[in-house]
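Listed below, chain by chain, are the residues.
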Amino acid sequence: MHNLKAVDLQKKFLNGELSAVSIVKYFLQRIEKYDKKIGAFLDVYAKEAIFLAKGLDEKRKKGLPLGKLAGIPIALKDNIHFQGKPLTCASKFLENYVSAFDATVTKLIIQADGIIIGKTNMDEFAMGASTNTSAFKKTYNPWNFQCSPGGSSGGSSAAVAAGLVPIALGSDTGGSIRQPAAFCGIVGFKPSYGRVSRYGLVPFASSFDQIGPMAKNCEDISLIMEVIGQYCDKDSTSLKVPRYSLPAKEIDSLKGMKIGVPWQFLEHLSADGKVVFKKHVHSLRKLGATIVDIDLDILKHSMALYYILASAEASTSLARFDGVCYGKRKEDVDSIEDLYLLCRKEGFGYEVKRRILLGTFILYSKKQNHYYEKALKVRSLIIEQFHRIFSQCCLVVMPTTPSEAFDAERVTDPTLMSLADMYTMCANIAGLCAISVPCGLAENNNPLGFQILGPIKEDEKVISAALTFEKNTNFSSLFHKKAPLYMR
Amino acid sequence: MDKELFLKLANLAKIDCSTSEQEAFLGHLEGMVLSFESLMKIDTDNVASFCGFETKEGNALRDDIVEMTMDPQDFLKNIISKEGMIKLPALLKT
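(A) Examining the packing of helix α11 (residues 350-363) of chain A against helix α2 (residues 19-35) of chain B more closely. At their nearest, the axes of α11 of chain A and α2 of chain B sit 10 Å apart, and the two run at 55 degrees to each other. Our classification of the angle between α11 of chain A and α2 of chain B gives oblique. The interaxial crossing formed by α11 of chain A with α2 of chain B has right-handed handedness. Between α11 of chain A and α2 of chain B, the residues in contact are Y350, K353, R354, L357, L358 and F361 of chain A and E21, A24, F25, H28, L29, M32 and V33 of chain B, respectively.

(B) Examining unusual backbone geometry more closely. All names here are of chain A. Here the residue pair G151 and S152 is connected by a cis peptide bond, since its omega of 10 degrees sits within 30 degrees of zero. Among the structural elements, S152 can be located in the loop between β3 (115-120) and α5 (154-161). A positive phi angle is found at C89, which is not glycine, with a value near 50 degrees. If you trace the backbone, C89 turns up in the loop between β2 (73-77) and α4 (104-111). The backbone of D113 shows a phi angle near 65 degrees, a positive value even though the residue is not glycine. Residue position: D113 is located in the loop between α4 and β3.

(C) Focus on the environment of E373 of chain A. All names here are of chain A. Looking at the element boundaries, E373 is found in helix α12 (residues 365-392). Since its relative accessible area comes to 28%, E373 is described here as partly exposed. The sequence separation of E373 and A161 amounts to 212 residues, and the corresponding C-alpha distance is 41 Å.

(D) Seen up close, the interface of chain A and chain B. Of the residues lining the interface, 61 residues belong to chain A; the matching set on chain B comes to 49 residues. Both faces considered, chain A and chain B share a buried interface measuring about 5,300 Å² in area, 71% of it formed by carbon and sulfur atoms. If you sort the residues of chain A by the area they bury against chain B, Y350, L357 and K374 of chain A come out on top, with a joint share of 12%. Connecting chain A to chain B are two salt bridges. Residue E21 of chain B pairs with K353 of chain A through a salt bridge whose shortest N-O separation is 3.9 Å. If you look at where chain A meets chain B, you find 13 residue pairs in polar contact (both at pLDDT 80 or more). For the side of chain A that touches chain B, the secondary-structure elements that each account for two or more residues are α9 (302-317), α10 (336-347), α11, α12 and α14 (425-430) of chain A. When residues in the side of chain A that touches chain B are grouped by element, the largest group, 12 residues, is from α12 of chain A. Here the residues of the side of chain A that touches chain B sort into 34 nonpolar, 13 polar and 14 charged.

(E) Just the side chain of S270 of chain A, in detail. All names here are of chain A. Tracing the sequence through the fold places S270 in the loop between β7 (258-261) and α8 (271-286). Taking relative accessible area as the criterion, S270 reaches 19% and is therefore assigned buried. The contact partners of S270, leaving out residues within four places of it in the chain, are P402, S403 and E404.

(F) Broad picture of the pattern of salt bridges. Residues and elements named next belong to chain A. All told, the structure shown has 19 salt bridges over all chains when counted by the stated rule. Close ionic contact of K119 with D78 constitutes a salt bridge, the shortest N to O distance being 2.9 Å. Separated by 41 residues along the polypeptide, K119 in strand β3 and D78 in the loop between β2 and α4 bring together distant segments of the chain. Overall, K119 belongs to the buried group, its relative accessible area being 0%. Look at the salt bridges and you will find they share partners, linking R195, D459 and E460 into a network.

(G) Just the sheet that holds strand β9 (residues 395-399) of chain A, in detail. All names here are of chain A. Taken in spatial order, the 11 strands make up an open sheet running β1-β3-β2-β4-β6-β5-β10-β11-β9-β7-β8, and their pairing is mixed. Both outer strands of the open sheet, β1 (41-44) and β8 (290-293), are each paired with one neighbouring strand and no more. The average angle at which neighbouring strand axes cross in this sheet is 30 degrees, direction not considered. Pairing of strand β10 (residues 433-441) with strand β11 (residues 447-454) involves eight bridges; the strand directions are antiparallel. The residue of β11 that forms the bridge with V437 is F450. On the sheet, α8 packs against β7, β8, β9, β10 and β11 and is oriented at approximately 50 degrees with respect to β11. In the packing of helix α16 (residues 475-482) onto the sheet, the strands contacted are β10 and β11, and the crossing angle to β10 comes to about 50 degrees.

What counts, and where the lines are drawn
- Residues numbered from 1 in each chain as written.
- Chains lettered and ligands numbered in written order.
- Predicted model: local features only at pLDDT ≥ 70, side-chain atom pairs only at ≥ 80, totals over all residues.
- Heavy atoms only, no water.
- Axes fitted to C-alpha atoms, helices over the stretch in contact; angles between N-to-C directions.
- Helix = DSSP H or I, 4+ residues; strand = E, 2+ residues; numbered from the N terminus.
- Parallel < 35°, antiparallel > 145°, perpendicular 65-115°, else oblique.
- Left-handed = near helix turned anticlockwise from the far one by under 90°.
- Contact = heavy atoms within 4.5 Å.
- Buried < 20%, exposed > 50% of the residue type's maximum accessible area, 1.4 Å probe, protein only.
- Buried area = accessible area lost by both parts, 1.4 Å probe.
- Salt bridge = Lys/Arg side-chain N within 4 Å of Asp/Glu carboxyl O.
- Polar contact = N/O pair within 3.5 Å; in protein donor to acceptor, adjacent residues only side chain to side chain.
- Nonpolar A, V, L, I, M, F, W, Y, C, P; charged D, E, K, R; others polar.
- Pairing = 2+ DSSP bridges.

What follows is the structure, given as structure tokens:
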């Protein structure tokens, strides 16, 4: 059951072949059996999920209408609000915080009869590329327990890859959905900025953040996007465009499509990565696409730009965590100043403090015009460059990461780890939609991801292309031959 | 970046750190600032600053109508409160 697509699981539920209770119990048993080792979940709602499933079975028996996600268990990254449930952002600061409201995406999933089965582990406040900065537990890559699952949506990625849940939501600020998806051999989609509501997502860097889906295949990604990919009046950056909907006609070829590849920018790719990437660019040609060499040399500045702007926004976003309205309140303090200092000292981990301090430096009055303004202008240049490229090309492709998943014990420097986001940051900088599709294995058997990027608002085009690409890779057969036995 | 500036930033950010943490953070910050230098050399004359992704609608404003978006009781569950108000320590040190 764990290797069935969510769309097929749902068909079996709707035609009575499987009950919602049996589906939920199956995944709960897998979580019980394997998550002790993997560490994907922070919280599992077994009783509630079974109760909801019973209700869905009743609804189906009575012939009542059922939502698009009926019968499908779904996990949420633990920075997405679910009313009445703990929300920690994997931080000690929020270890006792309980969500007072539902995020828009949570509400939409519930309305569509999806069954929220639990909350997944992440880097603290989504700051990281390994899930190692979580204050509570470590998450391991289901393909190779010595390796990182990536981050910051590592818990969601590991949960899907290990077959603990068919679909999970993550959040992506610089690659935090796509990079762990690539490391764990699954599909991860970062929607266009504004395509999915951020209401109820704990912000990290508001002009970069997006909630997005993770699943084993592109059809399931498209299914959940039909539910969450819509305008929200509670999010002032929400795009007023028609609800996400994939064209009914399947695209079997990419004939006539111009696809850009920034060959010069890919010089840091690993040897394995180069071989696999070139092979798949060639397969795009066989599908009828014309490959165009494009200039994205400006992206060599994206890491510096990202650190300047995202840290500045993060220092503002996290200023609200002062012990007054949220978590980690200390009673034995003499003054409000002492409260701020003590709760932030004890509540935040090293990486979060580091980024807040950097952001504060960036915004400090004497320096603001110097770094921050410059970064804003370079961001405009990057957006303009993508406009020029997309006036010639439909899509851009590049590897998701420079190499496969890194060794979790050996690579601990946060700056080194963030190099894994080198190819993903540009989509957040420019507001583009981008998807990572598993495309092969490195020599050490770790998965590699292939990234397809499209202009803002063209999410359907990117997912259509990804569906066509997915059909023409042999990752599925690689998975069945090479993935660890418990995953198959 | 020097220790004096670092302590000013730590105070602004309300981040209290030990001496060893200060040294570690200072080292990291110095490294990050060095890495920004290549970005600073890019020619951005006559380039407008990014101020949001273009939308036809411009700024998204909503009508100034008071709505109950959250039950106050759910909000109060997460804080130390007294008689429906948030309880705080003294604003001024005595």
